[in-house]
Amino acid sequence: MAVCIAVIAKENYPLFIRSVPTQNELKFHYTVHTSLDVVEEKISAVGKSLGDQRELYLGLLYPTEDYKVYGYVTNSKVKFVIVVDSSNTSLRDNEIRSMFRKLHNSFTDVMCNPFYNPGDPIQSKAFNGIVSGMMVQTG
């Protein structure tokens with residue numbers, strides 16, 4: 001499934017970022033950071049054409065040689081980025097959408113926690129468990 005999952009705040013700083021091959025963690029941080037430009041581009045393009053009627057799922061942001069980067073934006077402008085391995089051809093668009101939906105629901109649960117301060121890094125065990133379920137299991 002996913003090799004990197006990131007939650008980016010409205011102000012473009014990471015609230016949560018996790019990658020499976022930990023030796024490539026810096027590479028995934030860079031990939032997520034560079035995808036934010038494409039996210040901003042897509043948000044502004046959709047905002048101009050449809051007013052405020054917009055799709056939360058942004059689709060494939062950009063493919064690289066090794067990975068495909070997908071994006072999703074909440075109504076509060078929090079961005080979710082999922083990086084999947086390009087060799088995984090069995091992963092369909094509706095499966096990516098369901099991963100984002102599950103991630104968004106779990107993020108909403110974190111936000112509803114009265115002990116969570118919005119803007120702080122996410123350190124929820126339940127959220128971490130959901131993300132772990134979506135990550136590629138390395139043997």
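Residues numbered from 1 in each chain as written. Predicted model: local features only at pLDDT ≥ 70, side-chain atom pairs only at ≥ 80, totals over all residues. Heavy atoms only, no water.

The condition is simple: UniProt positions are given in the numbering used here, feature names are shortened, and annotations may be inferred rather than shown by experiment.
Per an unreviewed UniProt entry, the protein chain goes by the name Trafficking protein particle complex subunit 2-like protein and belongs to Nothobranchius furzeri. Quoted verbatim from the Sequence similarities (unreviewed entry) field of UniProt, the annotation for the protein chain is "Belongs to the TRAPP small subunits family. Sedlin subfamily."

1. Considering the environment of V69
Here is the rule we go by: Only DSSP runs of H or I with at least four residues qualify as helices, and only runs of E with at least two residues qualify as strands; both kinds are numbered from the N terminus onward. Here, two residues are considered to be in contact whenever any of their heavy atoms come within 4.5 Å of each other.
Mapped onto the fold, V69 is located in strand β4 (residues 67–73). A sequence separation of 43 residues divides V69 from C112, and the C-alpha atoms of the two residues are 28 Å apart. Apart from residues no more than four positions distant in its own chain, V69 is found in contact with T31, S35, G59, L60, L61, Y62, V81, I82 and V83.

2. Focus on unusual backbone geometry
The cut-off we apply is this: Think of it in three bands: residues with accessible area under 20% of the maximum for their type are buried, residues over 50% are exposed, and the middle band is partly exposed, with areas taken using a 1.4 Å probe on protein chains only.
If you check the backbone angles, N12 has positive phi at about 65° while not being a glycine. By secondary structure assignment, the location of N12 is in the loop between β1 (2–8) and β2 (14–19). Using a relative accessible area of 33% as the deciding quantity, one classes N12 as partly exposed. Here K77, not a glycine, exhibits a phi torsion of approximately 70°, which is positive. In this structure, K77 sits in the loop between β4 and β5 (79–85).

3. Things to note about the pairing of β5
Note the following rule: A pair of strands is labelled paired if DSSP reports no fewer than 2 bridges between them.
For β5, the tally of buried residues reaches six of seven residues, placing the bulk of the element in the interior. With six bridges connecting them, β1 and β5 associate as antiparallel partners. Its bridge partner lying in β5, I8 is registered against K79. As paired elements, β4 and β5 share seven bridges and run antiparallel to each other. Bridging across to β5, V69 finds its partner in V83.

4. Points about helix α2 (residues 93–111)
Note the threshold: An expected span of 1.5 Å times one less than the residue number is assigned to each helix.
With 19 residues, α2 should cover 27 Å at 1.5 Å per step; its first-to-last C-alpha distance of 27 Å lies within 8% of that length. Close packing links the buried residues of α2 with β1, β2, β3 (57–63), β4, β5 and α3 (125–134).

5. What about the nonpolar core?
We apply this condition: By nonpolar core we mean a set of buried residues, namely Ala, Val, Leu, Ile, Met, Phe, Trp, Tyr and Cys, connected to one another through side-chain atoms within 4.5 Å.
Core analysis: the largest hydrophobic core is formed by 27 residues, its most contacted members being V7, I122 and F127. For this core, the secondary-structure elements that each account for two or more residues are β1, β2, β4, β5, α2 and α3. For I122, the residues in contact, after removing those within four places along its chain, are V7, L15, F16, F107, V110, Y116 and F127. Judged by nonpolar contacts, the second largest core, of 18 residues, contains V3, V39, L61 and V69.

6. Observations concerning the packing of aromatic side chains
Within a pair of aromatic rings, the relevant descriptors are the distance that separates the centres and the angle that separates the planes. Condition: For Phe, Tyr and Trp, where Trp contributes only its six-membered ring, two rings pair if their centres lie within 6.5 Å, and the inter-plane angle classes them as stacked under 30 degrees, edge-to-face over 60, or tilted in between.
Tallied over the entire structure, the rule returns six aromatic pairs. Seen from their ring centres, Y72 and F100 are 5.3 Å apart, and the 10° between their planes marks the pair as stacked. Here Y72 is found in strand β4, whereas its partner F100 is found in helix α2, with 28 residues between them in sequence. Both residues of the pair, Y72 and F100, belong to the buried class. Pairing F80 with F107 gives two aromatic rings, centres 5.4 Å apart and planes at 80°, and the pair type is edge-to-face. Within this pair, whereas F80 is found in strand β5, its partner F107 is found in helix α2, the two being separated by 27 residues in sequence. The same class applies to F80 and to F107, which are both buried. Connected via pairs of aromatic rings, a cluster forms that spans Y57, Y72, F80, F100 and F107.

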